Amino acid sequence: MDSWCDGELTIDPSAALDVATKPLPARWAVYLMRDENGRPVQLLSVKNVRASVRRRLGDNPVEGPSRKIDYRSVVRQICWKRVDSAFESDLVYFEVARAAFPDTFRNVMPLRPPAFIHVNPQAPFPRWTRVTDPFIGNGIVFGPLAELQHASKLIETLEDLFDLCRYYNVLSQSPGGSPCAYKDMGKCPAPCDGSISMQQYRRMIDWSVATLLDPRREIEEQTERMREAAGELRFETAAKIKLFVEGLSALNKGHWRHVRPVADLRFLSVQPGPAKGKVKLFAVRPDGVRAAACLVSEPRELMLRCPDVAALAEATAPRPLGEDDADRVSLIARHLFWPKSGGVFLHGDELTDRALVAAYKQIAQQKPAEAADEDDEGVVAELAPGVSESSPAGGAV
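A quick note: this is a predicted structure, and the numbers were derived from the prediction, not measured. (Residues numbered from 1 in each chain as written. Predicted model: local features only at pLDDT ≥ 70, side-chain atom pairs only at ≥ 80, totals over all residues. Heavy atoms only, no water.)

S.K.: Where do I start with unusual backbone geometry in this structure?
M.R.: Residues apart from glycine generally show negative phi values, whereas peptide bonds are mostly found in trans. Note that the residue after G143, namely P144, is joined by a cis bond; omega there is 0°. Turning to its location among the elements, P144 is positioned in strand 9 (residues 140–145). In this model, S174 is joined to P175 through a cis peptide bond whose omega is 5°. Here P175 is to be found in the loop between helix 5 (168–171) and helix 6 (181–184). Despite not being glycine, L233 shows a phi value in the positive range, around 65°. Its place among the elements puts L233 in the loop between helix 8 (215–231) and helix 9 (235–248). By relative accessible area, which is 61% here, L233 ends up exposed. A positive phi angle, close to 65°, is found at N252, a residue other than glycine. (Helix = DSSP H or I, 4+ residues; strand = E, 2+ residues; numbered from the N terminus. Buried < 20%, exposed > 50% of the residue type's maximum accessible area, 1.4 Å probe, protein only.)

S.K.: Help me understand the sheet that holds strand 7 (residues 115–119), please; the structure alone is not making it clear to me.
M.R.: Strands in a sheet are paired, the pairing made by backbone hydrogen bonds, and the direction either parallel or antiparallel. Strand order in the open sheet made by the 4 strands is 8-7-9-10, with antiparallel pairing throughout. Two strands in the sheet have a free side with no partner beyond their single neighbour: strand 8 (129–131) and strand 10 (260–261). In the sheet, strand 7 pairs with strand 8 via 3 bridges, with the strands oriented antiparallel. Following the sheet pairing, I117 is matched in strand 8 by R130. (Pairing = 2+ DSSP bridges.)

S.K.: Looking at this structure, how should I read the packing of aromatic side chains?
M.R.: Both the distance between ring centres and the angle between the ring planes are used here to describe each pair of aromatic rings. Tallying each qualifying case throughout the model produces 8 aromatic pairs. Geometrically, the ring pair formed by F87 and F345 is edge-to-face, given 5.4 Å between the ring centres and 90° between the ring planes. With F87 in helix 3 (residues 86–100) and F345 in strand 14 (residues 344–347), this residue pair connects regions lying 258 residues apart in the sequence. In this pair, the class of F87 matches that of F345, namely buried. The ring of W28 is capped by K47, whose NZ or CZ atom sits 4.5 Å from the centre of that ring. Sitting over the face of the ring of W338, R334 holds its NZ or CZ atom 4.3 Å from the ring centroid. (Phe/Tyr/Trp six-rings, centres within 6.5 Å; stacked < 30°, edge-to-face > 60°. Lys NZ or Arg CZ within 6 Å of the ring centre and 35° of its normal.)

Take a look at the structure:
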């Protein structure tokens, strides 16, 4: 039996279908059908795996996108895993799809990847840009953001806060460029015309990066400067610093609340469990998601009982990240921003006892996922060789 499976069922083509499928749970599950040679036939996420298998292996062939498929004559094995949340369903479905259907599994990913912002301070003419590839190479990538316009607005905010150059075509002419109106307004030190050197400008870029890494630290330092200026009766200076602090306070909030270096996207995801009062924990990182070894009914001493949770304190991913990891980041981002996802995501730096207890109470109060009707398979998503279908209900990837 595969390591991801909760159970495996061999289908005897001569046995009565209702008897053969009785061991299957009438609950939400991801399952894979295989033929007699162990080759994958179809992968599904459904709200009732027993009803789904009976329907697909029954007397009436299921209509696919282009043909009817006689699964009963082909399928000889069912491998399934019970899931209790949209996040768990999408996660298991993604990982199994990647292994079972490597040529087509990306069809199950979100149509729109999340957005990110990128900067390489060591570039000849450094600038912030918006990107959709979280692992583009040199420099540092921050994200995720749900929409490209959120990335554009964040870049505009960084340019305004740190007086960065707005016109790359002019910056790239440094030191022979013609300064724009922002120099006259005192909102750009004009590296384009050599008013400051590119080395000095890179320090400004570094300042913006350091602030986005930890806005709270910059806010604390600037707030202290504001108090000192006010105490020295330099009220105009204090007012300017106050406006700067107010601008900084918007970082890492609202649409930007999950922005951090992509390699540092490490979360504890608190998701519904199989019964009210129970939750499941997932250690979430770009290089992999692990179900923590705890089905929690009481969050006290959680860090001591769940080593996978404590491991989230590690700062970065342990290996270079690539295309498959980008797909996983897209999946994670979907649930970070999807209001109906139903789970709580706590960043690794936020794993305090108070935050864990609050997350537990929020999820434990939810009703567990209900199975579909007795004869309704409740398809969430399905994938077969060369064929992909998904439903918008219940967290289809």
